[in-house]
Amino acid sequence: YRRIRVEVNRPNAKITHRPGYFASKAFGQMSQQERDLQLTQAMSVERPFVDVPLILQTDFFRKDDSTVYVPLSIEILGDGLQFEDKGDNREGKFEFVAQASDAKGRVTGIARDSVAVKLPAAKAEKIKSGGIFYSTGFQLRPGAHRLKFLVRDNVTGKLGSFEQPVHVPAYD
């Protein structure tokens, strides 16, 4: 908690201010519970996060008469990746959250995953000029949905997000 103290040299001036504020913690100092809360809150934010650039692509496959499988393919662009030095190897840690919601805003699917990438130093450098691919998917009913995907680099705490509307076709 940081206290705020304001002083002025003007006679008869009235000052109104809040008494203080809570400073945000550095990512490395957050507990797992605080990191989980950060991801939950980030999913509800309207603006995109662009510190970890990513691209998302979807497709559709009929599962049965009422359900369509919607795979999501994500590429995290290499120039946004950070690896930790671990001897002769490099390690990256990423957290992925995907959410589908219907036209009324009800959540129709959610996926979450943590991935650790361990590579020799030369391969890690090569990935920085390319990227890392990740995929997941949802089983959705036909109709209008909104997909939101969030990735967090768990080395730096940086976030990237991608959101898009998608119309899931009915395969009669």
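None of the values given here were measured: they were computed from a predicted structure.

Peer 1: Which residues make up the packing of aromatic side chains, and what values go with them?
Peer 2: This structure, assessed with the given rule, holds three aromatic pairs. Arranged with centres 3.9 Å apart and planes meeting at 5°, the rings of phenylalanine 96 and tyrosine 134 form a pair that is stacked. Residue phenylalanine 96 is found in strand β7 (residues 89–102), and its partner tyrosine 134 is found in strand β9 (residues 131–140); the two are separated by 38 residues along the sequence. For phenylalanine 96, a relative accessible area of 3% translates into the label buried. For the ring pair phenylalanine 96 and phenylalanine 149, a centre distance of 5.9 Å and an interplane angle of 40° mean the geometry is tilted.

Peer 1: Run through the pairing of strand β5 (residues 68–77), naming residues and quoting values.
Peer 2: Pairing geometry for strand β3 (residues 54–58) and β5, over five bridges, is antiparallel. Looking at β5, one finds that isoleucine 55 is bridged to glutamate 75. Taken together, the two bridges between strand β4 (residues 61–62) and β5 define a ladder with antiparallel strand orientation. Its bridge partner lying in β5, arginine 62 is registered against valine 68.

Rules and cut-offs
Here, residues in each chain are numbered from 1, in the same order as that chain's written sequence. The model is predicted, so local features are restricted to residues of pLDDT at least 70 and side-chain atom pairs to those at 80 or more, both for listing and for counting; the totals for chains, interfaces and linings are taken over all residues. With hydrogens and water stripped out, all remaining heavy atoms of the structure feed into the side-chain values. Whether two aromatic rings pair depends on their centres lying within 6.5 Å, for rings of Phe, Tyr and Trp, where Trp uses its six-membered ring; planes under 30 degrees apart make the pair stacked, over 60 edge-to-face, and the rest tilted. Strands here mean DSSP runs of E at least two residues long; helices mean DSSP runs of H or I at least four residues long; both are numbered from the N terminus. Remark: exposure states derive from per-residue accessible area (1.4 Å probe, protein chains only) relative to the maximum for the residue type, with buried under 20%, exposed over 50%, and partly exposed in between. By the convention used here, strands pair only if DSSP detects at least 2 bridges between them.

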